[in-house]
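# Survey of secondary and tertiary structure
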Amino acid sequence: MDVNSASTVVLQTLTQATSQDTAVLKPAEERLKQWETQPGFYSALLTIFTNHTLDVNVRWLAVLYFKNGIDRYWRRIAPHALSEEEKSSLRAGLIANFNEPVNQIATQIGVLIAKVARLDCPRHWPELIPTLLESVKVQDDLRQHRALLAFYHVTKTLASKKLVADKKLFQDLASGIYSFACSLWNHHTDTFLQQICTGETAAINSLERTLLSLKVLRKLTVHGFMEPHKNLEVMEFLNTVFERLKQFLECRRRVNTENMCSEKLEKTIILFTKVLLDFLDYHPFSFISLIQRSLEFAVRYVFTGAGEGVAFERFIVQCMNLIKMIVKNDAYKPAKNTEEELSMWEEDPEGFAVEEAGGDSYKYSLRPCTEVLFLDIFHEYSQILTPALLEMVQNLHGPTNVENTVGLVIKDAVYNAIGLAAYELFDNVDFDQWFKSQLLAELQVTHIRYKLIRRRVIWLIGQWIAVKFKSELRPMLYEAILNLMQDQDRVVRIETATTLKLAVDDFEFRTEQFVPYLENIFSLLFQLLQQVTECDTKMHVLHVISCVIERVGMQIRPYVGCLVQYLPLLWKQSEDHNMLRCAILTTLIHLVQGLGADSKNLYPFLLPVIQLSTDVSQPPHVYLLEDGLELWLVTLENSPSITPELLRVFQNMSALLELSSENVRTCFQIINAYIFLTSSEFLQNFAAVLCQSFCELMQDITTEGQVQVLKVVENVLKVNPILGPPMFQPLLPSVLKGILDGERYPVVMSTYLGIAGRVLLQNTGFFSSLLNQIALELNQEMDQLLGSIIEMWVDRMDNITQPERRKLSALALLSLLPSENSVIQDKFCGIINICVEALHDVLTEDPDTGTYKDCMVMFHFEEQKVSEDEEPPTEQDKRKKLLALKDPVHNVSLQQFVYEKLKAQQELLGEQEFQSLMESVDSEVIRQLQGFLHKL
């Protein structure tokens, strides 16, 4: 795929993939899917998303496809892997210019750079870090911020790598750049403190840079040093944290809550506390010198007058956590020996299972420290240790005598080593053969004393699933899991559930292989959920259940009756355990998606849960809101019809919109879902309140937020073109004024024109009254305003990338004809130009007959056919399809509409005046128009 020629084709297809019309969207997605493995495709995507003149939605989609490509095709061993030449070019392009103007896309580009860095840095991308370090020094505010954003994401990603060699590389990186990172942070911090004191508006930008550079330092400090207490710079930074915290708390005292810096100030203060908490968590012994100062600081701001006027709830919680972690830290407690661990297994199986899975006391006990040491040594001396470990495995062939306790413990240790070093042993162990010849047999030894090995073997299989495990062996594994889920020992069953989650969550999972075991396994999972008593264990089992439901989709329907009956009881029992309630919400989300329209039977339980989770006046919303909103959304999307109770939940929305939190996008999706579900009833009840909320939001909201608001209005007009405009009248003047003022953001202008097109085409009387209102406000003639609107519409037609909106524009402007109005006749040329452009967009030619067909016209509703791997259409998908049948964009032939309007104009004016009017249009445009119309 040649990049230059491909970019145009890919751009056109991406534009179609942003369409709301599935007839346009689906073929475009299919083409993009086919191109994923084509050389040059990702180079074309890079060209598109770095072109700032293109539509934001198209660029966003290009970034997402690029990101998916990194996950699938960047690794050398991946099928259809990208060539080294193309990867080299892409790496260079990603860091060529940090000047992305759109925040959300800039963040995604930072994530892209980090994803590539995870795989290629530093060996194949040695220039990345030096380029980032140089770029964060530039004076240009935008470039500096974007480079710092990318620097943070790269640091965060490299810090998260777990292999010993990768940790060593990150430590080398940290040593090399730590001094620079500290000076960068101090510079931005000092700049901010100076600017905030003098009231400079640039303070918010400096604070953003302070926050990003502190995030970088947090990762370097926590993950970049084996023994950080031996590094003077690290300890100096940590001691400086306390001084900076005091300065920022004092800033918060002086800055009122309306100030733009207020929210970011709180985020920065919380980040300071996270630095201390993380350092204590990962390096308890290095933290010893900071204990006294930490306790004095936390106590001062929580329990004395020093905190009045500066401390806030999240900060107080963080201070309390710091005190708790210091007081309860297990680093200074003696470790348990093997005999004590087995005793705990017997006495408290759930506590043992939670601790073994990485509970708080596990982190600093003897065994995990030994495991880390083992991996360090194994990585350094793998050539020597691999044969020795494999020999041990060979010597342990066959079941071990259940009376031989020492032998069982040794086998457990050896199998543990094989699991820990799975990635290191990839080329040395034929795991598939070992699984069939040895491990399956070990799992079938049912003696009570052999539970140690049964648990270890199923854990071991879980470690190897993502490393090397043939797909055809999955049924044998599911059979083994089915047997183990009936084991006498609860710890074995919990560990088996963990491995099941790893198996179904794996890339190689095939639904058809799992379905024969689904009923029995799901039943046993449910039994385990009922039997376990600890909150952490119930959460864990619920996560496994959620994962299973998510992967099998609709096929879960026959088996969820028992779970549906149990969840209300569990919800009631978990009143004081918000994290368990979050797990229940996640389960309900997947359950509703699996049940589809049948989820309506859950409403007596489901709707009170949504009501509580999304009510910001209720304390639990702090924990439950995000999942509660997601559950609310999927409930609406899968609802077959509205109920009074479901409508009543919307009363929570006004307060949610006032929060303007990171969940606001989901709130808008919920509003749209109500509009598609029951527009008339919903609007009669909530239009006034919603319109008021939107008017307040539009005064102080990002460009993306404005678009979200406008899209809701556009959907209202689409669903209810008669009732909608009067109900949202307070918002509509600003739309027409935005068009007149030549709104500079293309995506906003496109949405303005979409709304104006809806009103003009489907509610002409209201459009006229709106125009009259604005004319009186601006002291201008209506015709003059109309002419200005048409002129701007023609000028900004290129801002509209969605084919539906382009056709809508043509239909709307054509609806002004026939007319004797001199202003409309004066703009006739522009109207015809738009129509011809739209005809090019929507008409397809039949090669046999030479006639044209409007590809957007839908004649009847067709049930979507989906394969096993695809998600079935939701009830909302079906509603949108039915709505499209009533939409002029989809039920009016643009070709026929143009012909009828021109004919009517000709009849109104007479032949001579009409020909004079047509002569104002470019001859080439006329030729194209005649070509489209001559074979109706």
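See the structure above.
To start, this report covers the structure provided alongside it. Bear in mind that the values here come from a model prediction, so they are computed numbers and not experimental data. (Residues numbered from 1 in each chain as written. Predicted model: local features only at pLDDT ≥ 70, side-chain atom pairs only at ≥ 80, totals over all residues. Heavy atoms only, no water.)

### Details of the overall build of the protein chain
- When helices and strands are tallied, the protein chain shows 46 helices and 2 strands.
- The C-alpha extent of the protein chain, read off along each of the three principal axes, is 110 × 70 × 60 Å.
- Counting only residues that meet the buried cut, the protein chain has 53% of its 936 residues in that class.
- In the protein chain, the proportion of contacts linking residues at least 24 apart, taken out of those at least 6 apart, comes to 73%.
- Side-chain charges of the protein chain comprise 86 positive and 118 negative groups, with the mean position of each set lying 3 Å from the other. (Helix = DSSP H or I, 4+ residues; strand = E, 2+ residues; numbered from the N terminus. Buried < 20%, exposed > 50% of the residue type's maximum accessible area, 1.4 Å probe, protein only. Contact = heavy atoms within 4.5 Å. Lys, Arg positive; Asp, Glu negative; His and termini not counted. Charge placed at Lys NZ, Arg CZ, Asp CG, Glu CD.)

### Points about helix α35 (residues 732-740)
- Of the positions making up α35, those classed as buried are Leu732, Pro733, Val735, Leu736, Gly738 and Ile739.
- Backbone geometry just after α35 places glycine 742 at a positive phi near 70°.

### Things to note about empty space enclosed by the protein
- Taken as a whole, this structure holds 3 cavities of 30 Å³ or more when the rule is applied.
- In terms of lining residues, the second largest cavity is bounded by Leu245, Thr273, Leu276, Leu277, Phe297, Gln318, Cys319 and Leu322.
- Across the lining of the second largest cavity, the residue classes break down as 6 nonpolar, 2 polar and no charged. (1 Å grid on protein atoms, 1.4 Å probe; cavity = no way out; pocket = protein on both sides within 12 Å on 5 of 7 lines; lining within 4 Å. Points joined across faces, edges and corners; volume = space filled by probe spheres on them. Nonpolar A, V, L, I, M, F, W, Y, C, P; charged D, E, K, R; others polar.)

### Some points on the side chain of arginine 493
- On the secondary structure map, arginine 493 appears in helix α23 (residues 490-504).
- Despite its burial, arginine 493 remains without a salt bridge, the nearest opposite charge being carried by aspartate 487 at 5.8 Å.
- Side-chain polar atoms of arginine 493 contact the backbone oxygen of aspartate 487, separated by 2.6 Å.
- In terms of polar contacts, arginine 493 uses its side chain to reach the side chain of glutamine 531, at 2.8 Å.
- When neighbours within four sequence positions are excluded, arginine 493 is seen to be in contact with Leu484, Met485, Gln486, Asp487, Gln488, Leu528 and Gln531. (Salt bridge = Lys/Arg side-chain N within 4 Å of Asp/Glu carboxyl O. Polar contact = N/O pair within 3.5 Å; in protein donor to acceptor, adjacent residues only side chain to side chain.)

### Concerning the packing of helix α19 (residues 405-420) against helix α21 (residues 451-465)
- Between α19 and α21, the shortest axis-to-axis distance is 9 Å and the interhelical angle comes to 10°. If you check the angle between α19 and α21, you find them roughly parallel. Between α19 and α21, the residues in contact are Leu408, Val409, Lys411, Asp412, Tyr415, Asn416, Ile418, Gly419 and Leu420 and Leu452, Ile453, Arg456, Val457, Trp459, Leu460, Gln463 and Trp464, respectively.
- Broken down by class, the residue content of the contact of α19 with α21 amounts to 11 nonpolar, 3 polar and 3 charged. (Axes fitted to C-alpha atoms, helices over the stretch in contact; angles between N-to-C directions. Parallel < 35°, antiparallel > 145°, perpendicular 65-115°, else oblique.)

### Quick word on the environment of isoleucine 824
- Counting through the fold element by element, isoleucine 824 comes out in helix α40 (residues 822-826).
- Residue class for isoleucine 824 comes out buried when judged on its relative accessible area of 6%.
- Once residues within four sequence positions are removed from consideration, isoleucine 824 is found in contact with Leu786, Leu816, Leu817, Ser819 and Ile831.

### Quick notes on helix α18 (residues 382-395)
- The first and last C-alpha atoms of α18 sit 19 Å apart over 14 residues, in line with the 20 Å expected at 1.5 Å per residue.
- Here α18 has its buried residues at Thr386, Leu389 and Val393. The buried residues of α18 occupy an angular sector of 75° when the element is viewed end-on, so they sit on one face. Opposite its buried face, α18 presents the exposed residues Ile384, Gln394 and Asn395, each directed more than 90 degrees away. (Expected span 1.5 Å × (residues − 1). Arc of directions from axis to C-beta.)

### Looking at the packing of aromatic side chains
- If you walk through the whole model with that rule in mind, you get 37 aromatic pairs.
- Aromatic side chains phenylalanine 242 and phenylalanine 297 sit 5.9 Å apart centroid to centroid with 70° between the ring planes, which places their arrangement in the edge-to-face category. Highlighted residues: phenylalanine 242 in helix α11 (residues 232-254) and phenylalanine 297 in helix α13 (residues 291-303), separated in sequence by 55 residues.
- The exposure class of phenylalanine 242 is buried, given its relative accessible area of 1%.
- Take phenylalanine 297: its relative accessible area is 6%, and that puts it in the buried class.
- Residues phenylalanine 668 and phenylalanine 694 carry aromatic rings whose centres are separated by 5.9 Å and whose planes lie at 40° to one another, so their mutual orientation is tilted.
- According to the relative accessible area criterion, phenylalanine 668 is buried, its value standing at 1%.
- The structure contains a cluster of three or more aromatic residues connected by ring pairs, namely Tyr178, Trp185, Phe192, Phe225, Phe237, Phe248 and Phe272.
- Geometry around tyrosine 152 places lysine 215 over its ring, the cationic atom sitting 5.2 Å from the centre. (Phe/Tyr/Trp six-rings, centres within 6.5 Å; stacked < 30°, edge-to-face > 60°. Lys NZ or Arg CZ within 6 Å of the ring centre and 35° of its normal.)

### Let's talk about a negative patch on the surface
- A cluster of like negative charges, contributed by Glu263, Glu626, Glu630 and Glu662, occupies part of the molecular surface.
- Along the polypeptide, glutamate 630 turns up in helix α29 (residues 621-637). (Patch = residues over 30% accessible without salt bridge, like charges linked within 9 Å, V, L, I, M, F, W, Y side chains within 5 Å. Areas by Shrake-Rupley, 256 points an atom, 1.4 Å probe, with all protein chains shown as cover.)

### With respect to a positive patch on the surface
- Together, Arg75, Arg118, Lys162 and Lys167 line one region of the surface with positive charge.
- With respect to the helices, strands and loops of the structure, lysine 167 is situated in helix α9 (residues 164-198).

### Some remarks on the nonpolar core
- Ile461, Trp632, Ile671, Tyr674 and Phe694 are the most contacted members of the largest nonpolar core, which has 202 residues in total.
- No other element matches helix α32 (residues 664-699), which puts 16 residues into this core.
- With residues near it in sequence (within four places) discarded, isoleucine 671 still touches Phe650, Met653, Leu657, Phe682, Leu690, Phe694 and Val712.
- Formed by 111 residues, the second largest nonpolar core is a distinct cluster that contains Leu132, Leu149, Tyr178 and Leu220. (Core = buried A, V, L, I, M, F, W, Y, C linked by side-chain atoms within 4.5 Å.)

### Here we look at the pattern of salt bridges
- Summed over the entire model, instances satisfying the criterion amount to 39 salt bridges.
- Here aspartate 826 and lysine 827 are joined by a salt bridge, their closest N and O atoms 3.8 Å apart.

### What about the environment of serine 822?
- Here serine 822 lies in helix α40.
- Exposure remark for serine 822: the relative accessible area of 56% places this residue in the exposed category.
- Separated by 39 residues in the primary sequence, serine 822 and aspartate 783 have C-alpha atoms spaced 8.8 Å apart.

### Focus on a nonpolar patch on the surface
- On the surface, a nonpolar cluster with roughly 340 Å² of combined accessible area is contributed by Val299, Phe303, Ile316 and Met320.
- Of all the secondary-structure elements, those providing two or more residues to the nonpolar patch are α13 and α14 (313-327).
- Position of isoleucine 316 among the secondary structure elements: in helix α14.

### Let's talk about unusual backbone geometry
- A cis amide bond, omega 5°, links cysteine 121 with the succeeding residue proline 122.
- Tracing the backbone shows proline 122 in the loop between α6 (103-120) and α7 (128-135).
- For the bond running from leucine 817 to proline 818, omega is -5°, close enough to zero to count as cis.
- Position of proline 818 among the secondary structure elements: in the loop between α39 (803-814) and α40.
- Not every positive phi belongs to a glycine, and histidine 80 is a case in point at roughly 60°.
- Relative to the assigned elements, histidine 80 resides in the loop between α4 (56-73) and α5 (84-94).
- Although it is not a glycine, asparagine 779 adopts a positive phi angle of roughly 55°.

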